[in-house]
Amino acid sequence: MINQIDFRKLLPYDGSAWQSFEMLCYVIAKRLYPNGNFTPINGKGGDGGIEFYQTLPSGKLIIWQCKYFDKLEKAQKTQIEKSYETAAKNHGKRIKKWVICSPIDFTPAGDSWFKDFCNGKISIEAWGESELVNYLSKMPDVCNFFFNAKHLTQKWFQNHASLMLSNELVKNKYLPEVHYQTEEQHEILGLLDSSIFEEQIAEIKELYWWKYYINGVKWNSSTLKDDNSDRADAVESMLDSVLCDCNSVENILQDIVQSFDNLQWNNYKEGVSNLLKCKEKINATLKQLQDLKIPELKIKCSHISKILEIITVFIKFAQDNIVNDVHIIGDASSGKSHIAIDTVAKYESHGVRYPSVLILAKTLNSGLSAETAILDKLDLNKDYNFDDFLSSLDIASDVLGQRALIVIDGLNELYGSLTMWKRDLPLLLNKISSHPNILLVLTYRQSYTAALGLDKHLDSELPLHLIEITGFERTDVVDVISAYFRHFGISVKGGIPEQIYRLFSAKPILLRLFCETNKGNKGIDIGKLSLIEIFEQYLSHINKKLIDELNKDSRFEKRFLFVKLYAIAQFLWDNSTQSIPIEEFVKYGTTKDLAAIDGEDLLVIREYDNGREAISFTFDILGGYLISKFLLSGISNMDMLHEFINSDKFQNELIRISDKHHPLKDVILDNFIRLSLLKFGFCYNKDVAIPYSLVIPILFEMPYDRLGDSEKNIYDYTRAAFLSEPG
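This write-up is about the structure you can find in this document. (Residues numbered from 1 in each chain as written. Predicted model: local features only at pLDDT ≥ 70, side-chain atom pairs only at ≥ 80, totals over all residues. Heavy atoms only, no water.)

## Some points on the sheet that holds strand 3 (residues 61-66)
Across a sheet, paired strands are connected by hydrogen bonds in the backbone, their directions being either parallel or antiparallel. Put simply, the rule is: Pairing between strands is defined by DSSP: at least two bridges between the two strands are required. Runs of E in the DSSP output that reach at least two residues are strands. Runs of H or I that reach at least four are helices, and both are numbered from the N terminus. Lines fitted to the C-alpha atoms define the axes, with helices restricted to the stretch that makes contact. Angles between their N-to-C directions range from 0 to 180 degrees. Residue contacts are defined here by distance: any two heavy atoms, one from each residue, within 4.5 Å place the two residues in contact.
Ordered in space as 1-2-3-4-5, the 5 strands form an open sheet in which the pairing is mixed. Edge positions in the sheet fall to strand 1 (37-40) and strand 5 (124-127), since each of these pairs with one other strand and no more. Taken pair by pair, the neighbouring strands of this sheet meet at an average axis angle of 20°, ignoring direction. Across 6 bridges, the pairing between strand 3 and strand 4 (residues 95-101) is parallel. For cysteine 66, the partnering residue across the bridge sits in strand 4 and is cysteine 101. The sheet contacts of helix 3 (residues 108-117) involve strand 4 and strand 5, and relative to strand 5 the element is tilted by about 150°.

Below, the structure is given as C-alpha cells:
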C-alpha cells in the first residue's frame, strides 16, 4: 500500500481532506516524538503559524505548520513565509524547531528558497511527500487508517451508534429519558474525559482538606517559643521546603491532566513518578522535623502526615485512571447495562461522535474466537484483523482527541460462551493493554467472575478494575422514581414506603416494569408492593392487553399468556437454555397468537442466534421468575421440594460451579428461594443443599407482613443478632 499512496486521495476527515492531512501529520509527529506534551490548535489554518506543537521538558517548542498544497509557487511561498514570521514573532526564543508539512516535495529551487528565507534564525525542517511516505512505511497502521476506504471515521462511529441505539435489545435495556447518572458512571467518565478527571482531583482536595493542611504547615512567628534563631531558621526552611513540594504536587497534577487531555501517556506516567518523588521528599523532611523532638511542631508534623496521605490518594487515583479495562459487575437487573449503554450514547460533544463501539455479548457467535466474533458483529472481519482494529481505534482516538471506548455488555448472557471467554478474554485484555488510548468496559454478573476465568486476577499484581453496581443509592432513588413517574404519568397516594425505595433501588428494572404496567394511572397504592406483585401485575396487564387485541373470550382464556409462558419456561429448564428455537415456539399457539406475544418487546425478544431464529425473555430476572414458578407448580409438599433441590440437575445447574450450569442460574435460584418461602414457609435445613447465605438475604428482602410466624422468628432473631454485633 505504501507504493500506492496518493495524497490527493487522502480520505477526508470531518468532510475535509486538508484537515485529514493535518491529522495525519499530527499522528506521525506523536509517534516520532513520544516525550513531551503535544497541543493541537483548534481552528482552520492553525493559529499564529502553528497547527500543533510539542512542549519539551526543557520548555522549548517544536512547531508544525501544515499546508495542503499541490504546488509551490509565489502565493504558496507567501503563505509559508507569513506562517513562519507569525510563529517566530509569537514564540521567539522558545522555538527549538519549526516544521513545515506539505504533500509535495520541494524542488531544488524550492528547497533553496525555504532554507534562505528564515536566515538561520530558527532551526527549520520540511516534511514533503518523500519524508511522509518514508515515515508511513514504518507506520503501516497509520497508513491503513488514513488511506483505507474502510477506516473508522467519525461518520462510521456515528452510524454505528445510531444503529446500536435503535436496536430493540438496546431499547429494552436502556431508557434515556429517565437515566440518572450515578457515582459509578461518573467514575467511568473520569477515565474518558480529562475535564471530569480534573473535577475528580478537585473533589479529592476538598474531601481530604488539602488546602487546610497546607495552611497548617505555614511558618509564623509563634511556631517556636524560644529565641534560638538558628533553630528557628532551620525549621522555617524545612517547612518552606514542604510547602514548595506541595506546590510542585499541584503543578504535577496539572501536567498529568494536560497529558491526559492530549493522550500523552508516557508523560502521564512520568507525572505519576514525579508525584512519588515529591512524596518521598516530603516524607524525608517530616522525619527531619520529627527528629528535632520539638513539642511545638507536633501539630505541624501531624498536618504534614495528612498531606502525605492525600498525596498517596492522588497517586493511587492517577494510577487507577490509566487502566485499559473496567469491569462493571453486579446482580441481575441492577443497572449495569443502563450505565454502560448510556456512556456510549452520550460519548459525543457538540455533534462530534467520539470513537466508541457497543457490542451486546448476547448477539455474538460463540462458535468463533472472541476477536473474530467481535469483528464479525461490527462487519469489519473482511477488512481488519483484531490487531488492525485496535490500531485503528488508537489512531481514531488521537485524531478525535478522546480515548476510544469499547463496551461489551452482558458477557454472561451469551449461552455457551463461557469456554470462549475463558479461553480468549486474557489475550484480548492483554492486547488492549498495549493501547492506552483504548478503554474496554465489560459488564457481567458478579457470580460469573470465576466462570469467566477472571477470579485469578482479583488478587494479582494487576487486579481487575471493578465497579460494583448494587442499584441506586438511597439518596438517588427518590429522584429516579420521580423521573420515572413523571415520564409515565403516574402518581401514588400515601407516599412511598421505605421498602419500596429499597426494592426499586436494588433492581431498577422492577421500576420500569411497574411503570409500564401503570402508565397514566393516578393515586396508586403501592404500600405492600413486592417483586412478585410487580411481575404478576405486569404479566396480568400484558395478558389482558393481548386478550383484547386478539378478541379472545376472557371467560375461557383468562390465562392465555401464562399458559404460553409456562410452556416456554418448561422448555428453557428441560433443555438448559435461555432461548427457544422459533420452530419450537410456534408449537404453542397460532401464528397470530404468537406474533402478538412476540410484539411485546419487554416480555420476549426474537433474535438470530447462530444461524437460527430464537425467542428469549427480554429480562433474565423475569425469565427466572417464570421458570421458578413453573418448577414449583409441580411440587406439592416439603418432601418433594427437598428431593427436587437435592437432585443432580438442580445442584449441577443452579448450585455447583461448573460448565453445566443453567445460563439463567442466578435468577432461577433467587426466585425459586423467594417463591418456595412463600409457598412452604422456611423450608431450608441442614438436609437441603442450598447455603443459608443465599436464603437469608431473600428473607430480609420480602415484606414482613407476608412472612409466616416461623419466618418472622428467623427474621427477628437474625436481625437482632446482626444489630448486636460490635461495630
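## Quick look at the nonpolar core
The condition is simple: Residue types Ala, Val, Leu, Ile, Met, Phe, Trp, Tyr and Cys, when buried and joined through side-chain atoms within 4.5 Å, form a set referred to as a nonpolar core. Relative accessibility thresholds used throughout: buried, under 20% of the residue-type maximum; exposed, over 50%; partly exposed, between the two (1.4 Å probe, protein chains only).
By size, the foremost hydrophobic cluster in this structure holds 86 residues, and its most contacted members are Phe504 and Leu603. Looking at this core element by element, the count peaks at 10 residues for helix 22 (residues 560-574). Core analysis: the next-biggest nonpolar cluster, separate from the first, contains 73 residues, Ala404, Leu425, Leu442 and Leu454 among them.

## Digging into helix 6 (residues 154-165)
We count it as follows: A helix's residues, less one, multiplied by 1.5 Å, set its expected span. Taken from the helix axis, the directions to the C-beta atoms give the arc we talk about.
The end-to-end C-alpha distance of helix 6, which contains 12 residues, comes to 16 Å, matching closely the 16 Å that a straight helix rising 1.5 Å per residue would cover. For helix 6, every residue scored as buried is listed here: Gln154, Trp156, Phe157, His160, Ala161 and Met164. Down the axis of helix 6, the buried side of the element spans an arc of 160°, and every buried residue falls inside it. Of the residues in helix 6, the exposed ones pointing more than 90 degrees away from the buried face are Lys155 and Leu163. Each element contacted by the buried residues of helix 6 is listed here: helix 7 (168-173), strand 8 (352-353), strand 9 (356-360) and helix 16 (386-400).

## Thoughts on empty space enclosed by the protein
Cut-off, in case you're wondering: A pocket here means an open set of points on a 1 Å grid, computed over the protein atoms alone, that has protein on both sides within 12 Å along at least five of seven lines. A cavity is instead a set of points where a 1.4 Å probe fits but cannot get out; residues with an atom within 4 Å of a point line either one. Grid points are joined across faces, edges and corners, and a volume is the space filled by probe spheres set on the points. Residue classes follow a fixed rule: Ala, Val, Leu, Ile, Met, Phe, Trp, Tyr, Cys and Pro count as nonpolar, while Asp, Glu, Lys and Arg count as charged, and any other residue, Gly among them, counts as polar.
Per the stated rule, a full pass over the model turns up 3 cavities of 30 Å³ or more. The volume enclosed by the largest cavity comes to roughly 520 Å³. What lines the largest cavity is a set of 33 residues, among which Lys173, Ser333, Gly335, Lys336 and Ser337 lie closest to the centre. Mapped by element, the contributors of at least two residues to the lining of the largest cavity are helix 7, helix 14 (336-345), strand 11 (438-445), helix 18 (474-488), helix 20 (508-517) and helix 25 (620-633). Its residues placed into classes, the lining of the largest cavity shows 13 nonpolar, 12 polar and 8 charged.

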